[in-house]
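# Fold and contact review
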Amino acid sequence: MNLPLVEATPAGPSAARRQLLTRRVRLLVAATITYNVVEAVVAITAGTIASSTALIGFGLDSVIEVSSAAAVAWQFAGRDPESREKVALRIIAVSFFALAAYVTVESVRALVGGAEAEHSSIGLVLAALSLATMPVLSYAQRRAGRELNSRSAVADSKQTLLCTYLSAVLLVGLGLNSLFGWSWADPVAALVIAAVAVKEGREAWRGDACCAPTAALVDDAADGADAGDRCGCRPGCSCCAADAT
């Protein structure tokens, strides 16, 4: 018995939609880089003036955010994104570890030595502005990246979201110091930033073996592949589960 042929519906966005989403990701990456460059300059300068380890650490984290976004821009500009991914991930991981080491040493010195961070109005405004801006950029890039099936764009959007959490930590630390004179709140906030940096560094270092992007665009319609295989994750990795939310 001959069964009627059913025309398969192509999976994923159309070519025109992919082109639009790719341009959108590039624009969002450019916006992220621009904002983080300004953020880094302002935070490091204000932190140096106020002797705030938390502010300086926040500024250095912004430098790493720039390198992460630049890695995605570099990947999207290349003809073979997969070949560039491992090196980019390792550079980002080492940067996070260096940040964590620096911030930890300076925070301990501040706590043990009794060095007091001064009030910083600029730091408070910057933390509040980042807290409002970063979630918007992260959501827009994550949404476009998921529709494109680009794990690198999604991963970079999570780096941007990390800046939101650090902004909240920084705002609390600076606020407690400014309102109550709790100078210890600044280095404690910096230590939280350092702990998060270590976590992100470890994930970036393992990324090439677990959830590294294999291309800017991935075809989700692989015959007979389960969700984990299509995502490119090995068993036990959490990236696919996280991206599903």
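Residues numbered from 1 in each chain as written. Predicted model: local features only at pLDDT ≥ 70, side-chain atom pairs only at ≥ 80, totals over all residues. Heavy atoms only, no water.

### A closer look at the overall build of the chain
- When its secondary structure is counted, the chain shows 8 helices and 0 strands.
- Written out in order from the N terminus, the α and β elements of the chain read α-α-α-α-α-α-α-α.
- Split by element, the accessible area of the chain, about 12700 Å² in all, is 64% carbon and sulfur. (Helix = DSSP H or I, 4+ residues; strand = E, 2+ residues; numbered from the N terminus. Areas by Shrake-Rupley, 256 points an atom, 1.4 Å probe, with all protein chains shown as cover.)

### A look at helix 4 (residues 121-148)
- With 28 residues, helix 4 should cover 40 Å at 1.5 Å per step; its first-to-last C-alpha distance of 41 Å lies within 8% of that length.
- At Leu 131, helix 4 shows its largest bend, some 25 degrees, and a proline, Pro 135, comes one to four positions later.
- Considered for burial, the residues of helix 4 that qualify are Gly 123, Leu 126, Ala 127, Ser 130, Met 134, Leu 137, Ser 138, Gln 141, Arg 142, Ala 144, Gly 145 and Leu 148.
- Just downstream of helix 4, Asn 149 is the residue with a positive phi angle, here 60 degrees. (Expected span 1.5 Å × (residues − 1). Bend = angle between axes of the 7 residues up to and from the residue. Buried < 20%, exposed > 50% of the residue type's maximum accessible area, 1.4 Å probe, protein only.)

### Things to note about the confidence of the model for the chain
- Put simply, the chain has an average pLDDT of 75, and 73% of its residues get 70 or more.
- The low-confidence segment residues 208-245 (pLDDT under 50) makes 58 contacts with residues lying over four places distant or belonging to another chain. (pLDDT = per-residue confidence, 0-100. Contact = heavy atoms within 4.5 Å.)

### Here we look at a nonpolar patch on the surface
- A contiguous nonpolar surface patch, about 890 Å² in accessible area, is contributed by Val 108, Leu 111, Val 112, Leu 179, Phe 180, Trp 182, Trp 184, Val 188 and Val 192.
- Elements that contribute at least two residues to the nonpolar patch include exactly helix 3 (81-113), helix 5 (151-180) and helix 6 (185-210). (Patch = residues over 30% accessible without salt bridge, like charges linked within 9 Å, V, L, I, M, F, W, Y side chains within 5 Å. Salt bridge = Lys/Arg side-chain N within 4 Å of Asp/Glu carboxyl O.)

### Focus on the nonpolar core
- Leu 55, Phe 58, Ile 92, Phe 96 and Leu 170 are the most contacted members of the largest nonpolar core, which totals 30 residues.
- Put simply, the parts of the chain that give this core at least two residues each are helix 1 (15-50), helix 2 (53-77), helix 3, helix 4, helix 5 and helix 6.
- Leave out the neighbours within four places in its chain, and Leu 170 touches Ala 54, Leu 55, Phe 58 and Ala 127.
- By size, the runner-up hydrophobic cluster in this structure holds 7 residues, among which are Val 29, Ala 69, Ala 144 and Leu 148. (Core = buried A, V, L, I, M, F, W, Y, C linked by side-chain atoms within 4.5 Å.)

### Digging into unusual backbone geometry
- Not every positive phi belongs to a glycine, and Ser 51 is a case in point at roughly 55 degrees.
- Tracing the chain through its elements places Ser 51 in the loop between helix 1 and helix 2.
- Judged by relative accessible area, Ser 51 falls into the partly exposed class, the value being 48%.

### A look at the packing of aromatic side chains
- A full pass over the atoms with the stated rule returns 2 aromatic pairs.
- Seen in terms of ring centroids, Trp 182 and Trp 184 are 5.5 Å apart; in terms of plane orientation they differ by 15 degrees. Their pairing is stacked.
- Residue Trp 182 is classed as partly exposed on the basis of its relative accessible area of 36%.
- Classification of Trp 184 by relative accessible area gives partly exposed; the value is 45%.
- Feature note: the residues Phe 180, Trp 182 and Trp 184 constitute an aromatic cluster, connected by ring pairs. (Phe/Tyr/Trp six-rings, centres within 6.5 Å; stacked < 30°, edge-to-face > 60°.)

### Remarks on the environment of Ala 69
- Position of Ala 69 among the secondary structure elements: in helix 2.
- Separated by 91 residues in sequence, Ala 69 and Thr 160 have C-alpha atoms that sit 8.7 Å apart.
- Setting aside residues no more than four positions away along its own chain, Ala 69 makes contact with Val 29, Thr 32, Ile 33 and Asp 156.

### Thoughts on the pattern of salt bridges
- In this structure the tally under the stated criterion is 4 salt bridges.
- Notably, a salt bridge pairs Glu 106 with Arg 109, separated by 3.2 Å at the nearest N-O pair. Note that Glu 106 and Arg 109 are positioned in helix 3 at a spacing of 3 residues, about one turn of the helix.
- Between Lys 199 and Glu 203 there is a salt bridge whose closest N-O contact spans 2.9 Å. Of the two residues, Lys 199 and Glu 203 are both situated in helix 6; the distance of 4 residues between them amounts to about one turn of the helix.
- With relative accessibility at 37%, the residue Glu 203 sits in the partly exposed group.
- Bridged by salt links that share partners, the residues Lys 199, Glu 200 and Glu 203 form one connected network.

### Brief notes about the environment of Arg 24
- Counting through the fold element by element, Arg 24 comes out in helix 1.
- Using a relative accessible area of 35% as the deciding quantity, one classes Arg 24 as partly exposed.
- Note: C-alpha distance between Arg 24 and Gln 141 (117 residues apart in sequence) is 7.9 Å.

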